[in-house]
Number of protein chains: 4
Amino acid sequence: MDELMIGGVTLKSRLLLGTGKFARKQIIPDVIKSSETQVVTMAVRRVDLGAKEENILEYIHKDIVLLPNTSGARNTEEAVRIARLARAMGCGNWVKIEVISDNKYLLPDNHETIKATEILAKEGFVVLPYMSPDLMSAKRLVEAGAAAVMPLGAPIGTNRGIRTKELIQILIDEIDLPIIVDAGIGRPSEAAEAMEMGADAVLVNTAIATSNDPINMAKAFSLAVKAGRLAYLSKLGPEKEYAQASSPLTGFLNEGEI
Amino acid sequence: MDELMIGGVTLKSRLLLGTGKFARKQIIPDVIKSSETQVVTMAVRRVDLGAKEENILEYIHKDIVLLPNTSGARNTEEAVRIARLARAMGCGNWVKIEVISDNKYLLPDNHETIKATEILAKEGFVVLPYMSPDLMSAKRLVEAGAAAVMPLGAPIGTNRGIRTKELIQILIDEIDLPIIVDAGIGRPSEAAEAMEMGADAVLVNTAIATSNDPINMAKAFSLAVKAGRLAYLSKLGPEKEYAQASSPLTGFLNEGEI
Amino acid sequence: MDELMIGGVTLKSRLLLGTGKFARKQIIPDVIKSSETQVVTMAVRRVDLGAKEENILEYIHKDIVLLPNTSGARNTEEAVRIARLARAMGCGNWVKIEVISDNKYLLPDNHETIKATEILAKEGFVVLPYMSPDLMSAKRLVEAGAAAVMPLGAPIGTNRGIRTKELIQILIDEIDLPIIVDAGIGRPSEAAEAMEMGADAVLVNTAIATSNDPINMAKAFSLAVKAGRLAYLSKLGPEKEYAQASSPLTGFLNEGEI
Amino acid sequence: MDELMIGGVTLKSRLLLGTGKFARKQIIPDVIKSSETQVVTMAVRRVDLGAKEENILEYIHKDIVLLPNTSGARNTEEAVRIARLARAMGCGNWVKIEVISDNKYLLPDNHETIKATEILAKEGFVVLPYMSPDLMSAKRLVEAGAAAVMPLGAPIGTNRGIRTKELIQILIDEIDLPIIVDAGIGRPSEAAEAMEMGADAVLVNTAIATSNDPINMAKAFSLAVKAGRLAYLSKLGPEKEYAQASSPLTGFLNEGEI
């Protein structure tokens with residue numbers, strides 16, 4: 001059976017879900033269900049234990065693997081503190097590292113991310129770093145103990161698709177860790193394409209959360225991820241320059257009278 | 001419920017299947033099953049009643065709508081003769097018109113196709129013409145009585161994807177008939193994309209038949225078509241130039257000591 | 001020397017210019033000069049002999065080949081009448097056929113265009129038909145006596161680039177007439193790309209006329225067309241999947257002490 | 001006048017030339033001339049003072065700014081040693097940093113490159129680092145004292161074009177240093193496109209060196225770079241979804257009899 005192993009956990013679903021930007025948090029349980037996801041990420045600051053605001057965890061079934069992220073961290077130190085906080089709060093030992101000091105494109109800082117990954121991996125975290133697609137940085141993340149690598153397809157929330165295909169394909173081909181395309185995926189077809197390229201999983205948030213119908217859009221992504229994965233496993237045929245008749249062209253009507 | 005109506009028949013599946021190029025015809029029933037298709041096309045010349053060769057119809061369950069095609073026809077007259085022959089042979093009254101005199105790219109001849117459509121529609125056929133995407137030709141096909149319009153994404157059998165997107169989108173927006181993207185689709189992601197654009201269905205043959213695992217590839221296409229359709233119905237969000245944080249970025253760690 | 005022969009005229013410049021949409025007609029002579037074009041197209045209705053309005057011809061030097069177009073024609077008959085009118089008005093015997101009945105995309109009607117081409121070519125016109133890129137229609141234009149074929153890259157005035165590349169490349173490869181990419185080209189890089197593909201010329205209007213600086217933009221297109229043509233003649237190298245070092249990588253610093 | 005200032009030198013040409021891969025070195029002077037370049041890069045190891053082999057410098061006119069590169073360096077230390085060696089050999093104080101330990105894609109190591117830039121900038125070098133396009137790395141190169149930033153469009157020598165457009169556009173918009181697109185550019189149209197995007201210059205080697213006619217291809221790139229720059233300065237018009245008639249469509253033939 002085709003399964004994905006990350007941090008000792010076996011996953012059947014290759015679609016990871018983000019929880020930001022939903023107009024109504026109440027819809028999240030149904031979105032999770034229709035997406036069939038097994039891993040959900042949330043900003044640690046939104047896990048409000050004091051509970052003046054409602055706690056995002058209330059909307060996530062306990063069978064789901066929590067992937068707290070360090071959104072808001074601008075450097076290694078802050079990312080490490082947020083990760084430890086998340087674990088202390090009972091979110092488990094998975095963490096998605098986001099170190100971002102650029103407010104316009106929200107692009108990750110690979111250098112700080114590598115450092116945070118190294119520290120947290122040594123502390124026993126299952127570390128999934130969000131990164132700018134770059135082979136040498138990915139190799140350093142492997143050495144630093146990452147459990148997967150999460151390159152961006154396009155800036156967060158832009159729905160612009162996999163604009164960094166050239167670089168992500170190289171990561172897929174060269175890095176011996178699961179590659180999870182994160183950020184930028186705006187359409188199910190793009191999620192399918194990532195999977196056809198050989199990505200191990202995709203993470204989607206904005207495209208589902210800001211759709212007119214998040215529950216059905218979550219299902220659409222779930223189907224697309226399965227489609228792309230199946231196609232990858234079944235091997236796509238080559239592109240050809242000239243046409244190839246589906247059946248031989250000659251000699252039908254000419255062979256005799258009809 | 002979301003259904004597609006063509007020629008008075010209500011279809012749940014929006015994936016049409018071609019039967020050429022399969023290495024072993026014996027696999028066709030399982031491919032049809034895993035594709036969930038309800039409409040299957042085959043060259044009329046391959047419906048061998050005399051049965052020296054095996055008859056392609058033996059592999060197609062009788063619940064499936066047969067869509068005999070006029071592959072091999074080089075002009076209106078030949079297309080019309082083949083269509084009539086198919087009906088006489090008991091293939092029903094659906095016909096996919098293919099009029100092709102170009103052996104290199106197998107590009108359709110819109111002018112002859114329009115004429116054949118008009119003749120056959122008047123004779124009560126449900127006519128689905130394969131065409132080079134062009135708005136004015138599509139308008140003439142509507143007037144000629146076509147039941148759907150089948151523009152090509154790329155030359156037959158090339159797996160090159162939807163290279164004529166610009167023109168197909170215009171057909172989708174302007175033509176009041178089902179638009180079925182036919183030819184060129186080489187990957188499930190491309191089928192999903194056609195559906196996201198608003199196409200009503202896609203026809204796939206080569207990409208499935210020449211895959212390493214046609215049964216699973218058929219399933220991949222089935223999932224992708226559903227994904228794209230669901231996304232279209234749920235409305236995709238807009239592309240944005242700059243990043244949009246999934247959650248507000250400021251004021252987490254700075255608010256107090258942790 | 002690399003020259004383009006159309007209708008018995010030898011052209012050094014492979015950039016044709018349209019005259020619509022300029023904010024100030026007075027700028028046209030300088031635009032023509034900086035573009036180095038030798039062929040300029042204008043709507044016949046803008047050639048106002050009665051001269052209540054100013055006459056576009058006043059702005060075009062007499063060394064330039066006039067290419068009156070039948071813009072406004074909705075069918076063969078109207079196109080033929082406009083062409084004859086243009087000749088009677090002294091615009092010469094070149095004509096660009098535009099038959100358009102679609103007001104939203106301004107897409108040409110290939111069927112009517114072929115008929116008009118046939119009539120006018122027989123009357124001694126040098127006929128350059130604007131067309132929707134389609135191999136079989138182009139073949140009929142050849143038979144009808146066209147002097148060149150002008151497929152669209154994208155709808156008129158959209159600046160969307162060569163979205164029909166797949167189909168235009170086929171025309172370039174298969175049709176024994178000059179192929180002039182017309183409509184849609186919005187950037188010099190796109191004009192260069194058309195020429196690299198093997199197009200014989202391009203026609204540009206909107207991209208120049210609506211630029212902030214039409215005179216310099218005309219020069220930019222002129223340079224780009226030359227660049228693309230030179231590249232085509234000098235043959236482009238192949239794309240490769242893996243990197244190719246510009247110089248051998250091994251054994252520099254290691255060979256000894258520096 | 002539109003000029004580019006790097007390291008205190010004013011450049012009129014925005015095309016930088018690489019000298020690797022030419023089948024015959026004897027052609028290099030003519031290629032330089034037809035390219036109109038003012039900056040030429042060469043691997044330091046190819047500057048053979050001992051002169052068993054011929055010295056690449058013999059082919060470069062002394063008015064040209066030499067840009068020795070550290071090709072062959074696998075880490076900071078090696079890059080620094082090669083740069084110092086180049087200066088000691090009389091190649092001047094410009095240096096293009098290449099730190100590459102990946103033999104398949106020849107992708108640069110941003111981390112080591114930043115360190116080498118910092119050391120060499122402090123020693124008075126004019127440092128142009130070759131880099132994987134990534135905003136945070138580019139910001140660090142600015143801080144490290146780089147004179148320009150050279151992001152890759154695609155792996156060296158692949159002729160694959162600007163596949164990292166999304167990330168390079170961000171560098172152009174956000175980094176206050178000249179952005180020179182290096183590696184991957186395979187066609188003049190792609191060079192023009194980089195310039196239209198707002199890049200300050202491009203560096204080309206393989207596409208010229210491996211062409212059938214390097215002298216004319218060099219000229220083609222020279223023209224294309226000028227075209228793209230002029231278009232950028234003249235501002236491109238917007239893309240539109242629907243067609244825009246070049247001249248008003250109504251009321252020509254209908255106004256009266258002709």
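Residues numbered from 1 in each chain as written. Chains lettered and ligands numbered in written order. Predicted model: local features only at pLDDT ≥ 70, side-chain atom pairs only at ≥ 80, totals over all residues. Heavy atoms only, no water.

As a reminder, the rule being used: UniProt positions are given in the numbering used here, feature names are shortened, and annotations may be inferred rather than shown by experiment.
An unreviewed UniProt entry lists chain A under the name Thiazole synthase, with Marinisporobacter balticus as the source organism. Among the UniProt annotations of chain A, the heading Function (unreviewed entry) holds the following wording: "Catalyzes the rearrangement of 1-deoxy-D-xylulose 5-phosphate (DXP) to produce the thiazole phosphate moiety of thiamine. Sulfur is provided by the thiocarboxylate moiety of the carrier protein ThiS. In vitro, sulfur can be provided by H(2)S." Per UniProt, the comment on chain A under Subcellular location (unreviewed entry) is "Cytoplasm".

**Quick word on the interface of chain D and chain C**
Here is the rule we go by: We call two residues contacting when some pair of their heavy atoms lies within 4.5 Å. Here's the idea: put two parts together, see how much 1.4 Å probe accessible area each one loses, and the total over both is what we call buried area. Should a side-chain nitrogen of Lys or Arg be within 4 Å of a carboxyl oxygen of Asp or Glu, the pair is scored as a salt bridge. Whenever two N or O atoms come within 3.5 Å, that pair is a polar contact, provided that in protein one can donate a hydrogen and the other can accept it, and provided that, for residues adjacent in sequence, both atoms are side-chain atoms. Secondary structure is summarised from DSSP: a helix means a run of H or I of at least four residues, a strand means a run of E of at least two, and numbering begins at the N terminus for each. Note that Gly is not counted as nonpolar here; it falls among the polar residues with everything else outside the nonpolar set of Ala, Val, Leu, Ile, Met, Phe, Trp, Tyr, Cys and Pro and the charged set of Asp, Glu, Lys and Arg.
Taken together, the contact between chain D and chain C spans 68 residues of the former and 68 residues of the latter. In total, chain D and chain C occlude about 5,900 Å² of area from one another, counting both sides; carbon and sulfur atoms represent 59% of this. Applying the counting rule to chain D against chain C returns four salt bridges. Linking Glu 239 of chain C and Arg 163 of chain D is a salt bridge whose minimum nitrogen-to-oxygen distance equals 3.3 Å. For the pair chain D and chain C, the number of links is 14 residue pairs in polar contact (both at pLDDT 80 or more). If you list the elements that add at least two residues to the side of chain D that touches chain C, you get helix H2 (76-88), helix H6 (188-197) and helix H8 (214-234) of chain D. Counting residues per element, the side of chain D that touches chain C draws most heavily on H8 of chain D, which supplies eleven residues. Of the residues belonging to the side of chain D that touches chain C, the class tally is 27 nonpolar, 21 polar and 20 charged.

**Quick notes on the UniProt feature "binding site: 1-deoxy-D-xylulose 5-phosphate" (unreviewed entry) in chain A**
Residues and elements named next belong to chain A. What counts here: Accessibility here uses a 1.4 Å probe with only protein chains present; expressed as a share of the type maximum, an area under 20% marks a residue as buried, one over 50% as exposed, and anything in between as partly exposed.
UniProt marks Gly 157, Ala 183, Gly 184, Asn 205 and Thr 206 with the feature "binding site: 1-deoxy-D-xylulose 5-phosphate" (unreviewed entry), using the numbering shown here. On the basis of their most widely separated C-alpha atoms, the annotated residues across 50 residues gather in one place, lying no more than 9.3 Å apart. Residue position: Gly 184 is located in the loop between strand E9 (180-182) and helix H6 (188-197). According to the relative accessible area criterion, Gly 184 is buried, its value standing at 7%. Not counting residues up to four positions away in its chain, the partners in contact with Gly 184 are Ala 154, Pro 155, Thr 158, Asn 159, Arg 160, Gly 161 and Glu 190. On the secondary structure map, Asn 205 appears in the loop between strand E10 (201-204) and helix H7 (206-209).

**Some points on the side chain of Thr 158 of chain D**
Looking at the element boundaries, Thr 158 of chain D is found in the loop between strand E8 (150-151) and helix H5 (165-174). With a relative accessible area of 0%, Thr 158 of chain D lands in the buried category. If sequence neighbours within four positions are ignored, Thr 158 of chain D has contacts with Pro 238, Glu 239, Lys 240, Glu 241, Tyr 242 and Ala 243 of chain C together with Gly 184 of chain D.

**Quick word on the relation of the copies chain A and chain B**
Convention followed: The copies were overlaid with a least-squares fit restricted to C-alpha atoms from residues scoring a pLDDT of at least 70 in each copy.
Each copy superposes on the other: chain A lies on chain B with an RMSD of 0.0 Å after a rotation of 180° and an axial shift of 0.0 Å. The superposition operator between the copies reduces to a two-fold rotation axis. Taking the C-alpha atom as reference, chain A places Ser 189 of chain A closest to the rotation axis, 2.3 Å from it. Mapped onto chain B, 100% of the interface residues of chain A are again interface residues, and the two copies thus contact each other with one and the same surface.

**Thoughts on the pattern of salt bridges**
Here the structure, examined in full by the defined rule, presents 67 salt bridges over all chains. In this structure, Glu 174 of chain D and Lys 104 of chain A form a salt bridge, with 2.7 Å as the shortest nitrogen-oxygen distance. Highlighted residues: Glu 174 of chain D in helix H5 and Lys 104 of chain A in the loop between strand E6 (94-97) and helix H3 (110-122), drawn from two different chains. For Lys 104 of chain A, a relative accessible area of 32% puts it in the partly exposed group. One salt bridge in this structure joins Glu 123 of chain C and Arg 84 of chain C, with 2.6 Å as the shortest N-O distance. Placement of Glu 123 of chain C in the loop between helix H3 (110-122) and strand E7 (126-131) and of Arg 84 of chain C in helix H2 (residues 76-88) is noted, with a sequence separation of 39 residues between them. Judged by relative accessible area, Glu 123 of chain C falls into the partly exposed class, the value being 28%. If you follow the salt bridges from partner to partner, you end up with Asp 109, Glu 112 and Lys 115 of chain A together with Arg 140 of chain D in one network.

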